[in-house]
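Observations on chain architecture
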Amino acid sequence: RSTEEGFQLAAQLNSEAIKLDPGYANAYSGKANALANLYRTYNRDPALLNEGLSLITEALRLKPDFWNAYSPLSHILQLQGKLEEAERTAKEFIRNPPEDSNSHFALGFFCMETDQYAKAIAPFEQVLKLKPGYLPALWNVVLVLAGANEEDKLKHWAEKANPIFEKHLKLFPDEEATRVEHAILLRFAGRVEEARVAARKLDNLRDGRALFNTACLQCL
């Protein structure tokens, strides 16, 4: 759900999974990912990142070839300001399972978070080749295209993303983040009046991230 409550619940559930099976590497990595996202958007407590690194260390001790742990590892290193190490980790992830969409997502996310928008485009487009319709990649490729001022490609991807977001919202109409992102996608696709109509329906939001993105939409 990409909300504070959602990330807290994800961390809690992964903690419970670890108690049930202390040898399950995915749970350590999953909790680290939730903690990194909590830090990024909601709570700048360095202890969250320190705990995340400890969890990833344990995941890799349990399963040395668990390459998916490199995604939250790269994210945490980037949040700690260790940019060279974070980029190196993301690229190492791609070298090992090059057909894993998560590896390309990790590199695209690193480039996006460090304002290298043009460099982020290709990794996110590769994610969508490997995993068409993946909402986070669709959203992020639109963001980086906007940041890189790639107007033609921006409109193309926004138009491509809109029906996928609409279908998702029919199944999960209460997802605040997705509702806001869909309204912004309408704006990027040039469907301004539809975006305004969608924006007027965003008056019952509770999550800080969704409220911030709604403010960005109103600025647009």
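If you're wondering where the values come from, they're calculated on a predicted model, not measured in any experiment. Sequence order sets the numbering: in each chain, residues are counted from 1 along the sequence as written. Per-residue local features of the predicted model are confined to residues with pLDDT of at least 70, and side-chain atom pairs are confined, for both listing and counting, to 80 or more; whole-chain, interface and lining totals are unaffected and use all residues. The side-chain values count all of the structure's non-hydrogen atoms but skip hydrogen atoms and water molecules.

**Concerning helix α1 (residues 4-20)**
Relative to the 24 Å expected for 17 residues at 1.5 Å per residue, α1 spans 25 Å between its end C-alpha atoms, a close match to the ideal helical length. Remark: exposure states derive from per-residue accessible area (1.4 Å probe, protein chains only) relative to the maximum for the residue type, with buried under 20%, exposed over 50%, and partly exposed in between. Labels follow the DSSP assignment, with helices taken as runs of H or I lasting at least four residues and strands as runs of E lasting at least two, numbered in each case from the N terminus. The complete set of buried residues in α1 reads F7, A11, N14, S15 and I18. Across the axial projection of α1, the buried residues extend over an arc of 105°, all falling on one side. For α1, the exposed residues set more than 90 degrees away from the buried face come down to E5, K19 and L20. We call two residues in contact when some of their heavy atoms are within 4.5 Å. Those residues of α1 that are buried lie in contact with α2 (25-41) and α3 (46-62). Multiplying one less than the number of residues by 1.5 Å gives the expected span of a helix. For this quantity, the arc is that covered by the directions from the helix axis to the C-beta atoms.

**Re the packing of aromatic side chains**
Working definition: a ring pair exists when centres of Phe, Tyr or Trp rings (six-membered ring for Trp) sit within 6.5 Å. Plane angles under 30 degrees give stacked, over 60 give edge-to-face, the rest tilted. In total, this model carries five aromatic pairs according to the counting rule given. A centroid spacing of 5.2 Å and a plane angle of 65° characterise the contact between W67 and Y70, whose relative ring orientation is edge-to-face. Under the relative-accessibility criterion, Y70 is labelled buried at 16%. Grouped by ring-pair contacts, the aromatic residues F105, F109, F124 and Y134 constitute a single cluster. Lysine NZ or arginine CZ positioned within 6 Å of the ring centre and within 35 degrees of the ring normal marks a charge as sitting over the ring. Here the basic side chain of K131 rests over the ring of Y134, its NZ or CZ set 4.1 Å away from the ring centre.

**Quick notes on the nonpolar core**
Here, nonpolar core refers to any group of buried Ala, Val, Leu, Ile, Met, Phe, Trp, Tyr and Cys residues whose side-chain atoms link them within 4.5 Å. Membership of the largest hydrophobic core comes to 67 residues, with the highest contact counts inside it found for F124, V141, V142, W157, F165 and L185. The element that contributes the greatest number of residues to this core is α2, accounting for nine residues. For L185, the contacting residues outside a window of four places in its chain are W139, V142, A158, A161, N162 and F165.

**With respect to the environment of S54**
Mapping S54 onto the fold places it in helix α3. The exposure class assigned to S54 is partly exposed, which follows from its relative accessible area of 48%. Considering only alpha carbons, one finds S54 and L202, 148 residues apart in sequence, at a separation of 39 Å.

**Considerations on the packing of helix α4 (residues 70-79) against helix α6 (residues 101-113)**
The convention used is that axes are lines fitted to C-alpha atoms, helices contributing only their stretch in contact, and that angles between N-to-C directions extend from 0 to 180 degrees. Here α4 crosses α6 at 15°, and the two axes come no closer than 9 Å. Taken together, α4 and α6 sit at an angle that is classed as roughly parallel. Note on packing geometry: the crossing formed by α4 with α6 is right-handed. Each of S71, S74, H75 and Q78 in α4 lies in contact with α6, whose residues at this interface are A106, F109, F110 and E113. Of the residues that constitute the contact of α4 with α6, the class distribution is three nonpolar, four polar and one charged. When describing relative orientation, an angle under 35 degrees is termed roughly parallel and one over 145 degrees roughly antiparallel, while 65 to 115 degrees is termed roughly perpendicular and anything else oblique. Two helices crossing with the near one rotated counterclockwise from the far one by less than a right angle form a left-handed crossing, whereas a clockwise rotation gives a right-handed crossing. Each residue receives one of three labels: charged for Asp, Glu, Lys and Arg, nonpolar for Ala, Val, Leu, Ile, Met, Phe, Trp, Tyr, Cys and Pro, and polar for the others, Gly being one of them.

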